[in-house]
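# Overview (structure and organization)
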Amino acid sequence: MSDDVVGVKAAERGFVGGGADVASFEVDHRGPLRQLQHFLHKYPTTVPFIVLLIGVLIFSVAAGSRFFAILNLSLVLQQVTIIAVLGIAQTMIILTAGIDLSVGAIMILSSIVMGRLAVVYGVPPELAFLLGLLTGLICGLINGLLVALVRLPPFIVTLGTWSMYGAMVIFVSRSETLRQQDVAAAAPLLQWLGSSFKVPIPGWGTAIITYGSVLMILLAVLIWYVLNRTAFGRHVYATGDDSESARLAGINTKRTLIATYTAAGLICAIAGWVTIGRIGAVSPLAGQNANLDAITAVVIGGTSLFGGRGSIIGTLVGALIVGTFRNGLALSGVEVLWQEFAVGALIIIAVTIDQWIRKISA
Amino acid sequence: MVFHWEVTVKRTTLRTSVFAAAAAAFVAFVAPAHAAEIVGLITKTEGNPFFVKMREGAQTKAQELGLELRTAAGKFDGDNDSQVAAIENLISAGAKGFAIVPSDSSAIVPTIKKARDAGLLVIVLDTPLDPMDAADATFATDNFKAGELIGTWAKDTLGDKAADAKIAFLDLAANQPTVDYLRDQGFMKGFGIDIKDPKRYGDEDDARICGHEMTGGAEDGGRTAMETLLQKCPDINVVYTINEPAAAGAYEALKALGKDDGSVLVTSIDGGCPGVANVKAGVIGATSQQYPLKMAAMAMEAIAKFAKDGTKPQVDPKLGFLDTGATLITDKPVKGVESITSEEGAKLCWG
């Protein structure tokens, strides 16, 4: 997990050891808080892991066996799948010091293209599915071209495309919902990620895992590998950390940006597929809060909105934290407004810790 | 620098010509083709089929009456600013009147007053203003009654077992907008639950209530809310849902846990075409159907009449609004409530 730390471009020049040596030299002069700060700076993903652990502990006490049942915990995993997949796309963008406000709209647009082509227009499900993925890819590509070539701020670009893709959702769907039964009859492939298998755990119960959740984990591993073990991934971090230095170091930052936004668009389309699996239907009303929920997961997962620092694993845990808190609070009998309040507080705490850890590198 | 300068010039020229073309097109678009009376329809959003149907109803009626209809909508549910701008545009356009589904029942009131002071007839559809008499008339579904219908149906279907039912409430949003508490509390009254404050849910102490979770009125929210409540009370056998997308989501959750064998009664409100089809398929036990097309068509008629001779529409003095009706749709009718079948409902459905 040490890959999360800053200094990517330094690493590429082979300077990474320098900072670490100096730190170990001063180790005796630090108080426990400073040591913690340094530890977290080195392994930032531990923060969301600790928060998740604390959450599980609290709710296991407050809501009792209902919460800590393996069935319930596996439901939480199902519930966060859409947001986590969307969060993976958002993490890639935010690592480049960008933001993508259109992820939710791309997700729904792709799901509607898939659904309507297959169910209403009788296109073979496999082809409809591929065209749905292509839709997401093109949406991402448009974002990337506008950010990299026209050099507009990502916030502005995606604020604009959010509206445009949202309008396309209404246009393509004609505001109609395709019912679960109609989708099942015409294109069961689109609902496949919603099917599940049971994992009996002796002495604890039976977990229900959907293929959507499995895909989420596979996708996270893949993107983690790409970001940390390939040249392209290191370029993503470097571009986000300091675009100008990255460019001077010979990285084609424009190409990196375009590729990142395009890949993110494709992942959003996959999230659209996950959405059909989860709700069975193809609905233009779904995923209204997905945009901000995905950003929330990324931020709570410890990825810095300033770019260049953060991880996919953090985002996954961030999504799980939000899901766990909502579920745990609901099972403890807490009203919905306080669930919202708690998620808001988590964001503030996450960013506060992030800022505190960052102070070291300053 | 020189290169950059050239590019800028080119861009500017291009931009100017594009703007000129767009401006010309816009002028051509807004110039009145004939001198028909202008009427308006302002809905909450573009996306919801309920409002799409409403617009269709208004469009057909306006054409029939020789009116020129201008429509507008907010960007999202709760978008007051866009609706304010739309009203101001109608006033400047010299409209005779308009129908509006307010996104924010209180915040829109001063702008409505401005329109009425300017001589426009204002008819509020679906969601009453706060206060209701701030409009010339309100045409709406009696949402409390719509809730009562499905509540009574659920109680009568269970019979003696209603006394130890376990009910999940899948509501709209934590801020409890009017339609949310009216439907919820209507259901409770129909089911025979002491509702305490009728303007708020969550203050009841009936042990049959498992809890209230929010759905946002969509499938994904419905599924998550149902899953959560099922974890809280595995013995839930009655589900109230704010609308049919939420009900469809709830059913997915029931199915995933093997509870789709008809042992759980799912009730809903709206009467959209997918919802009615779900009644036929057995996903939803009963739903209350409302009539957006009728609301909008009646509003257009009222404005046409007002433009002709200045008469304003009359509303039910007891309710304070004109009830456009709600009908229970179910294929398992009970004695206590009048209902129509899903087949009949499909002929009247919207969206």
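Here the residue numbering is sequential within each chain, running from 1 through the sequence in written order. Chains and ligands are labelled by the order in which they are written, letters from A for the one and numbers from 1 for the other. Local features are withheld for residues below a pLDDT of 70 in this predicted model, meaning they are given only at 70 or higher, and side-chain atom pairs are given and counted only at 80 or more; totals for whole chains, interfaces and linings count all residues. Side-chain descriptors were evaluated using all non-hydrogen atoms of the structure, hydrogens and water having been removed beforehand.

Under the convention used in this document: UniProt positions are given in the numbering used here, feature names are shortened, and annotations may be inferred rather than shown by experiment.
Looking at an unreviewed UniProt entry, one finds chain A named ABC transporter permease and attributed to Pseudaminobacter soli. Recorded under Subcellular location (unreviewed entry), the UniProt text for chain A is reproduced unchanged: "Cell membrane".

## Details of the overall build of chain A
What counts is decided by this rule: Numbering of helices and strands runs from the N terminus, with a helix taken as a DSSP run of H or I at least four residues long and a strand as a DSSP run of E at least two residues long. Just to be clear, the radius of gyration here is over C-alpha atoms, and the globule rule we use is 2.2 Å times residues to the power 0.38. Only protein chains enter the accessibility calculation, which uses a 1.4 Å probe; a residue whose area is less than 20% of its type maximum is buried, one above 50% is exposed, and one in between is partly exposed.
The helix and strand inventory of chain A stands at 18 helices and two strands. Whereas a compact globule of 362 residues would reach a radius of gyration of roughly 21 Å, chain A reaches 21 Å, a difference of no more than 12%. With the C-alpha coordinates of chain A rotated into their principal frame, the extents come out at 70 × 55 × 35 Å. Among the 362 residues that make up chain A, the fraction classed as buried is 51%.

## Re the overall build of chain B
For clarity, the cut-off: Residue contacts are defined here by distance: any two heavy atoms, one from each residue, within 4.5 Å place the two residues in contact. For accessible areas, the Shrake-Rupley method is used with a probe of radius 1.4 Å. Any residue's cover is judged against the shown protein chains and nothing else.
Across its full length, chain B carries eleven helices and 13 strands. Burial status across chain B gives 53% buried among its 351 residues. Excluding contacts between residues fewer than 6 apart, the proportion of contacts in chain B whose partners are at least 24 apart in sequence is 70%. For chain B, the exposed area adds up to about 15500 Å²; of that, 56% sits on carbon and sulfur atoms.

## Some remarks on helix α9 (residues 273–280) of chain B
Spelled out, the test is: Summarising the geometry, the arc corresponds to the directions from the helix axis toward the C-beta atoms.
For α9(B), the complete set of buried residues consists of B:Gly275, B:Val276, B:Asn278 and B:Val279. The buried residues of α9(B) occupy an angular sector of 155° when the element is viewed end-on, so they sit on one face. Buried positions along α9(B) lie against α10 (180–186) of chain A together with α8 (244–256), β10 (286–289), β12 (327–330) and α11 (342–348) of chain B. Of the residues trailing α9(B), B:Gly282 is marked for its positive phi of about 85°.

## Overview of the interface of chain A and chain B
It is common to give the size of an interface as the accessible area lost on bringing the parts into contact. Selection criterion: When two parts are put together, the accessible area they lose, computed with a 1.4 Å probe and summed over both, is reported as buried area. Definition used for salt bridges: Asp or Glu carboxyl oxygen within 4 Å of a side-chain nitrogen of Lys or Arg. Note on residue categories: nonpolar means Ala, Val, Leu, Ile, Met, Phe, Trp, Tyr, Cys or Pro, charged means Asp, Glu, Lys or Arg, and polar means any other residue, Gly included.
On the side of chain B, 30 residues touch chain A, which itself brings 29 residues to the contact. Taken together, the two surfaces of chain A and chain B that pack against each other cover about 2500 Å², and 56% of this comes from carbon and sulfur. At the boundary of chain A and chain B, one finds one salt bridge. Between B:Glu227 and A:Arg278 there is a salt bridge, and its shortest N-O distance comes to 2.9 Å. The leading source of residues in the side of chain A that touches chain B is helix α6 (residues 70–95) of chain A, at five residues. Here the side of chain A that touches chain B is built from residues that sort into twelve nonpolar, 13 polar and four charged.

## Some thoughts on the domain arrangement of chain B
Short version of the rule: Residue ranges assigned to the domains are those given by an automatic or database domain assignment.
On domain assignment, one finds that chain B holds domain 1 (38–141 + 292–320) and domain 2 (143–289 + 326–348). Computed from C-alpha atoms alone, the centre-to-centre distance between domain 1 of chain B and domain 2 of chain B is 30 Å.

## What about the sheet that holds strand β4 (residues 121–125) of chain B?
Residue and element names in this part refer to chain B. Keep this limit in mind: Only when DSSP finds a minimum of two bridges between them are two strands counted as paired. Helix axes are fitted to C-alpha atoms over the stretch in contact, other axes to C-alpha atoms as well, and angles between N-to-C directions run from 0 to 180 degrees.
Spatial strand order, β2-β1-β3-β4-β5-β11: six strands in an open sheet with parallel pairing. In this open sheet, the two strands that pair with only one neighbour each are β2 (68–73) and β11 (322–323). Relative to strand β5 (residues 137–140), β4 is paired through three bridges, and the arrangement is parallel. Within the sheet, the bridge partner assigned to Val-124 lies in β5 and is Thr-138. Along the sheet, helix α3 (residues 80–93) makes contact with β1 (38–43), β2 and β3 (97–100), crossing β1 at roughly 180°. Contacts from helix α10 (residues 292–309) reach β1, β2, β3, β4, β5 and β11 within the one sheet, and its direction differs from that of β4 by about 170°.

## As for empty space enclosed by the protein
Note the cut-off: Cavities and pockets were defined on a 1 Å grid built from protein atoms only: a cavity is a group of points that admits a 1.4 Å probe but offers it no way out, a pocket is an open group of points flanked by protein on both sides within 12 Å along at least five of seven lines, and a lining residue is one with an atom within 4 Å of any such point. Grid points are joined across faces, edges and corners, and a volume is the space filled by probe spheres set on the points.
Counting across every chain of the model gives four cavities of 30 Å³ or more. Approximately 70 Å³ is the volume attributed to the largest cavity. Around the largest cavity, the lining residues are A:Gln78, A:Thr81, A:Leu193, A:Gly194, A:Thr210, A:Gly212, A:Ser213, A:Val274, A:Gly277, A:Arg278 and B:Arg223. Sorting the residues of the lining of the largest cavity by element identifies α6, α12 (211–229) and α15 (253–279) of chain A as the ones contributing at least two each. Along the lines of polarity and charge, the residues of the lining of the largest cavity split into two nonpolar, seven polar and two charged.

## Section: the environment of B:Gly78
By secondary structure assignment, the location of B:Gly78 is in the loop between β2 and α3. Through-space distance from the C-alpha of B:Gly78 to that of B:Asp180 is 14 Å; in sequence the pair is 102 residues apart.

## Some points on a nonpolar patch on the surface
Formally: Exposure above 30% relative accessible area and no salt bridge define the residues that can form patches, which grow by joining like charges within 9 Å and nonpolar side chains of Val, Leu, Ile, Met, Phe, Trp and Tyr within 5 Å.
Together, A:Leu127, A:Leu131, A:Leu134, A:Ile138 and A:Ile142 make up an exposed nonpolar region whose accessible area comes to about 390 Å². Inspection of the secondary structure puts A:Leu131 in helix α8 (residues 125–148).

## Side note on the UniProt feature "transmembrane region" (unreviewed entry) in chain A
Residue and element names in this part refer to chain A. UniProt's entry tags residues 43–63, 101–121, 127–148, 155–173, 204–227, 257–276 and 336–357 with the feature "transmembrane region" (unreviewed entry), counted in the numbering of this structure. Taken end to end, residues 101–121 is 81% helix and 0% strand, and its two terminal C-alpha atoms sit 30 Å from one another. Taken end to end, residues 204–227 has its terminal C-alpha atoms 36 Å apart, with 71% of it in helix and 25% in strand.

## A short note on the pattern of salt bridges
Inspection of the entire model under this criterion finds 21 salt bridges over all chains. Residues A:Arg326 and A:Glu340 are paired through a salt bridge, measuring 3.0 Å at the closest nitrogen-oxygen approach. Here A:Glu340 lies in helix α18 (residues 336–358) and A:Arg326 lies in helix α17 (residues 312–331), a separation of 14 residues in the sequence. Among the residues examined, A:Glu340 registers a relative accessible area of 42% and is labelled partly exposed. Here B:Glu343 and B:Lys280 are joined by a salt bridge, their closest N and O atoms 3.4 Å apart. On the criterion of sequence distance, the pair formed by B:Glu343 in helix α11 and B:Lys280 in helix α9 is long-range, its members being 63 residues apart. Per residue, the accessibility class of B:Glu343 equals that of B:Lys280, and both read exposed. Connected through shared salt-bridge partners, A:Arg278, B:Arg223 and B:Glu227 make up one network.

## A look at the sheet that holds β10(B)
All names here are of chain B. Across the sheet, which stays open at both edges, the seven strands sit in the order β7-β6-β8-β9-β10-β12-β13 with mixed pairing between neighbours. Edge positions in the sheet fall to β7 (209–214) and β13 (339–340), since each of these pairs with one other strand and no more. Of the pairings in the sheet, the one linking strand β9 (residues 265–270) to β10 comprises four bridges and is parallel in character. Residue pairing for β10: Ile-269 is matched across the bridge by Ser-288.

## Regarding the confidence of the model for chain A
Residue and element names in this part refer to chain A. Rule in force here: The pLDDT value tells you how sure the predictor is about a given residue, anywhere from 0 up to 100.
Per-residue pLDDT for chain A averages 87, and the proportion of residues at 70 or more is 91%. Overall, residues 1–12 carries pLDDT values under 50, and its contacts beyond four positions in sequence, including any with other chains, amount to 38 contacts. Segment residues 14–20: pLDDT under 50, and three contacts once partners within four positions in sequence are set aside and those in other chains are kept.

## Structural notes on the confidence of the model for chain B
Residues and elements named next belong to chain B. With 90% of its residues at a pLDDT of 70 or more, chain B has an overall mean of 88. The secondary-structure element of chain B with the lowest mean pLDDT is helix α1 (residues 2–30), recorded at 49, while strand β8 (residues 238–241) shows the highest, at 98. Counted against residues more than four places away or in other chains, residues 1–14, with its pLDDT under 50, gives zero contacts. Scored as a whole, the predicted complex attains pTM 0.76, and scored at its interfaces, ipTM 0.71.

## Some words on the packing of α6(A) against α17(A)
Two measures define how a pair of helices packs: the angle their axes make with one another and the distance between the axes. All names here are of chain A. Note the threshold: Small angles under 35 degrees read as roughly parallel and large ones over 145 as roughly antiparallel, with 65 to 115 read as roughly perpendicular and the rest as oblique. A clockwise turn of the near helix away from the far one marks a right-handed crossing, whereas an anticlockwise turn of less than a right angle marks a left-handed crossing.
At a closest axis distance of 8 Å, the pairing of α6 and α17 adopts a crossing angle of 140°. One finds that α6 runs oblique with respect to α17. The chirality of how α6 crosses α17 is right-handed. Contacts from Asn-72, Val-76, Leu-77, Gln-79, Val-80, Ala-84, Gly-87, Ile-88 and Thr-91 in α6 reach Ile-312, Thr-315, Leu-316, Ala-319, Leu-320, Gly-323, Thr-324, Asn-327 and Leu-331 in α17. Taken together, the residues of the contact of α6 with α17 sort by class into ten nonpolar, eight polar and no charged.

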